[in-house]
Amino acid sequence: KFDDSFRPPTPAAVDAARRNVDYRAVQIDGNRIFLPKSTMSIGLGGIAKGYAVDRAADVIARAGFANSLVDGGGDDRVSGTRAGAPWRLGIQHPRKPRGELLGAVSPVNQALLTSGDYERFREVDGVRYHHIIDVRTGWPARAATSVTVLSESAEKGVVLAKVIFILGP
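Scope of this entry: the structure provided in the associated data block. On a predicted model such as this, the values are computed, not experimentally measured, just so you know. Per chain, the residues get numbers from 1 upward, laid out in the order the sequence is written. Two thresholds apply to this predicted model, a pLDDT of at least 70 for residue-level local features and 80 or more for giving and counting side-chain atom pairs, whereas whole-chain, interface and lining totals are computed over all residues. The side-chain quantities take in all heavy atoms of the structure and omit both hydrogens and water.

Remarks on the sheet that holds strand 3 (residues 68–71)
Strand pairing in a sheet relies on backbone hydrogen bonds. The paired strands run either parallel or antiparallel. Put simply, the rule is: Any two strands with at least two DSSP-identified bridges between them are counted as paired. Under the scheme used here, helices are H or I runs from DSSP no shorter than 4 residues and strands are E runs no shorter than 2 residues, and both carry numbers assigned from the N terminus. The angle between two axes is taken between their N-to-C directions and runs from 0 to 180 degrees, where each axis is a line fitted to C-alpha atoms and a helix contributes only its stretch in contact.
The strand order across the open sheet formed by four strands is 3-4-7-12, and the pairing between neighbours is antiparallel. Every interior strand has two partners, whereas the edge strands, strand 3 and strand 12 (146–151), have only one. In this sheet, neighbouring strand axes are inclined to one another by 10 degrees on average, regardless of whether the strands run parallel or antiparallel. In terms of strand pairing, strand 4 (residues 75–79) meets strand 7 (residues 111–116) through three bridges, oriented antiparallel. Residue D76 lies in a different strand from strand 7, and its bridge partner there is L112.

Have a look at this one:
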């Protein structure tokens, strides 16, 4: 959690935490998931919003609405049109004030997902610490400042945006 008292972890703390990261350690038995160490945990925050956006869009479609926008705060999905015109969604510039855009797109029955280092971060001694962690290093990913993906589903798009953010162009 980032608050005003945020201090970056020490390299030793990051190294210790990295010993708890290993997707191969996850054990699945039916509908149960087990982690071999009590210090391990699973967080779904990185993809849960995309899943929720897709489920909300599905509910809206099943209710008979052909035209909709589900806004998940950077994870959006549209169907149909906006009063007969194409939807137009802006892409926030990651280093400028809210509302200053890099550009805009008009998705058609698609999801538009953005991952960036500009919404949830703190700067300490000129270094930006944000919430998208590169598991190879244990530190915030540095290969990008913002990645936007157009996808058939928000769930897939949010995963792709995070991967591209971490790996870079």
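Now that the structure has been shown, the text picks up again.
Things to note about the packing of helix 2 (residues 45–62) against helix 3 (residues 154–167)
Worth spelling out the cut-off: In these notes the angle categories are as follows: under 35 degrees is roughly parallel, over 145 is roughly antiparallel, 65 to 115 is roughly perpendicular, and the rest is oblique. By definition, turning the near helix anticlockwise from the far helix through less than a right angle yields a left-handed crossing, and turning it clockwise yields a right-handed one. Working rule for contacts: check all heavy atoms of both residues, and any pair within 4.5 Å makes them a contact.
Between helix 2 and helix 3, the least distance of the axes is 7 Å, while the angle of their chain directions is 155 degrees. When the axes of helix 2 and helix 3 are compared, the pair comes out roughly antiparallel. Remark: the crossing between helix 2 and helix 3 carries right-handed chirality. Residues G46, I47, G50, Y51, V53, D54 and R55 of helix 2 lie in contact with helix 3, whose contacting residues are A154, E155, V158, V159 and K162.

Brief notes about the side chain of S151
Stated precisely, the cut-off is as follows: Relative accessibility thresholds used throughout: buried, under 20% of the residue-type maximum; exposed, over 50%; partly exposed, between the two (1.4 Å probe, protein chains only).
Tracing the backbone shows S151 in strand 12. On the accessibility criterion, S151 (8% relative accessible area) is buried. With residues up to four places along the chain from it excluded, the contact list for S151 reads Q110, A111, L113, K156 and G157.

A word on the side chain of S115
Heads up, the rule is: N or O atoms closer than or at 3.5 Å make up a polar contact, with two conditions inside protein: a donor-capable atom paired with an acceptor-capable one, and, for residues adjacent in sequence, both atoms drawn from side chains.
Within the fold, S115 resides in strand 7. What makes S115 buried here is its relative accessible area of 3%. There is a polar contact of 3.0 Å between the side chain of S115 and the side chain of K162. Setting aside chain neighbours within four positions, we find S115 in contact with I132, T145, S146, V147, A161, K162 and F165.

A short note on the nonpolar core
A general trend in soluble globular proteins is that nonpolar side chains are found buried together. Put simply, the rule is: For the purposes of this section, nonpolar cores are sets of buried Ala, Val, Leu, Ile, Met, Phe, Trp, Tyr and Cys residues that join through side-chain atoms within 4.5 Å.
In terms of nonpolar packing, the biggest core is built from eight residues, these being I132, A141, A144, V147, V149, A161, F165 and I166. At the level of elements, strand 12 and helix 3 are the ones that each hand at least two residues to this core. In terms of residue count, the dominant contributor to this core is helix 3 (three residues). Here F165 is in contact with S115, G116, D117, H130, I132, A141, A143, A144, T145, S146 and V147, once residues within four sequence places are set aside. Core analysis: the second largest hydrophobic core is formed by seven residues, V53, A57, L113 and V158 among them.

Describing unusual backbone geometry
In this structure, N109 is a non-glycine residue whose phi angle is positive, near 50 degrees. Phi angles above zero are rare outside glycine, and D125 is one such case at about 50 degrees. Summarising the element assignment, D125 is placed in the loop between strand 8 (121–124) and strand 9 (127–130).

Points about the environment of I132
Looking at the element boundaries, I132 is found in the loop between strand 9 and strand 10 (133–134). Classification of I132 as buried rests on a relative accessible area of 4%. Between the C-alpha atoms of I132 and L102, which are 30 residues apart in sequence, the distance is 21 Å. If we ignore the near neighbours within four places in the chain, the residues touching I132 are S115, G116, W139, P140, A141, K162, F165 and I166.

Digging into a nonpolar patch on the surface
Going by this rule: Patches were defined on residues exceeding 30% relative accessible area and lacking a salt bridge, with like-charge contacts within 9 Å and nonpolar side-chain contacts (Val, Leu, Ile, Met, Phe, Trp, Tyr) within 5 Å. For the accessible areas, the method is Shrake-Rupley and the probe is 1.4 Å, while residue cover comes only from the protein chains on display. When a carboxyl oxygen of Asp or Glu is within 4 Å of a side-chain nitrogen of Lys or Arg, the pair counts as a salt bridge.
A cluster of nonpolar side chains, contributed by V26, I28, I33, I42, L44, I47, V159, V163 and L167, occupies part of the molecular surface with about 790 Å² of accessible area. Top element by residues in the nonpolar patch is helix 3. It accounts for three residues. Its location among the elements puts V159 in helix 3. Owing to a relative accessible area of 35%, V159 belongs among the partly exposed residues under this scheme.

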